[in-house]
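Chain residues, written in single-letter form:
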Amino acid sequence: MKVLLVTAGYSIFDAKGQLNSFLAYLTEKNLTDKGHKVKISNVTKDTWDVDREVAKILWAETIIYITPIMWFNMPAPMVKWLDEVLLYEKTFIITEEYGEGGQVPADKFMIVTTSNMKSSDLGKGFVLKNAPHIDDLLRPLIYTNTYLSIRDQIPTFHAGDVIAGDTSWIEQAYKEHLNAHFKKA
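Reading guide: rules and limits
- Residues numbered from 1 in each chain as written.
- Predicted model: local features only at pLDDT ≥ 70, side-chain atom pairs only at ≥ 80, totals over all residues.
- Heavy atoms only, no water.
- Buried < 20%, exposed > 50% of the residue type's maximum accessible area, 1.4 Å probe, protein only.
- Helix = DSSP H or I, 4+ residues; strand = E, 2+ residues; numbered from the N terminus.
- Pairing = 2+ DSSP bridges.
- Right-handed = clockwise from strand over helix to strand, strands pointing away.
- Phe/Tyr/Trp six-rings, centres within 6.5 Å; stacked < 30°, edge-to-face > 60°.

Novice: Help me out: how do you make sense of the pairing of strand β4 (residues 108–114) in this one?
Specialist: Each regular strand shows side chains that alternate between the opposite faces of the sheet. Here β4 lies mainly inside the structure; six of its seven residues are buried. Across seven bridges, strand β3 (residues 62–68) lies against β4 in parallel orientation. When the bridges of β4 are listed, I64 appears paired with M110. Crossover handedness for the path β3 to helix α3 (residues 76–85) to β4: right-handed. As judged from the six bridges shared by β4 and strand β5 (residues 152–159), these two strands associate in the parallel manner. Note on β5: the bridge partner recorded for V112 is F157.

What follows is the structure, encoded as structure tokens:
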């Protein structure tokens, strides 16, 4: 399988983006050890080239987004990457029925996300009462993939409470998540 990792480690408050980079490293190692081909797009670095990024998207069979949640959305570098790389007549076309013109050959995507929110906060309180699942906060990215015709979503992995809480569980849980959803090539 050809897998594109799109990673957006980001520095805010006490977080320096290392966890997202570590999750990208674990993903690349796990998948290459299983015989999959992996390419990486680090969107936090402002050195990527649009044509090369479009080529990566059109090469991939599966796309994995590794991103923190920033103000209930993706961080600005991820949004910028999507804005500049998703190009008319390359990754999508306009069709009579809205959202049916995706040109991306990948059929699967997965989101790996980090936040300072605890998973137990979902569906509670004033802010999150209408968001009982982490995917409720990730709708823009999910809809973007669906629009591009990438319609098979592998379950999201959410590492929560990462600034103030215990993060020792994340590495093992993430490896188990990868092993459950990606088999040897």
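That was the structure; now back to the text.
Novice: When you look at the packing of aromatic side chains in this model, what are you seeing that I'm missing?
Specialist: Each aromatic ring pair is described using two quantities: the centre-to-centre distance and the angle formed by the ring planes. Applying the stated criterion across every chain, the model contains six aromatic pairs. Pairing Y88 with F92 gives two aromatic rings, centres 5.8 Å apart and planes at 55 degrees, and the pair type is tilted. Taking the relative accessible area as the measure of exposure, Y88 reaches 47% and is therefore partly exposed. Following the ring pairs from residue to residue traces out a cluster consisting of Y88, F92, Y98 and Y147.

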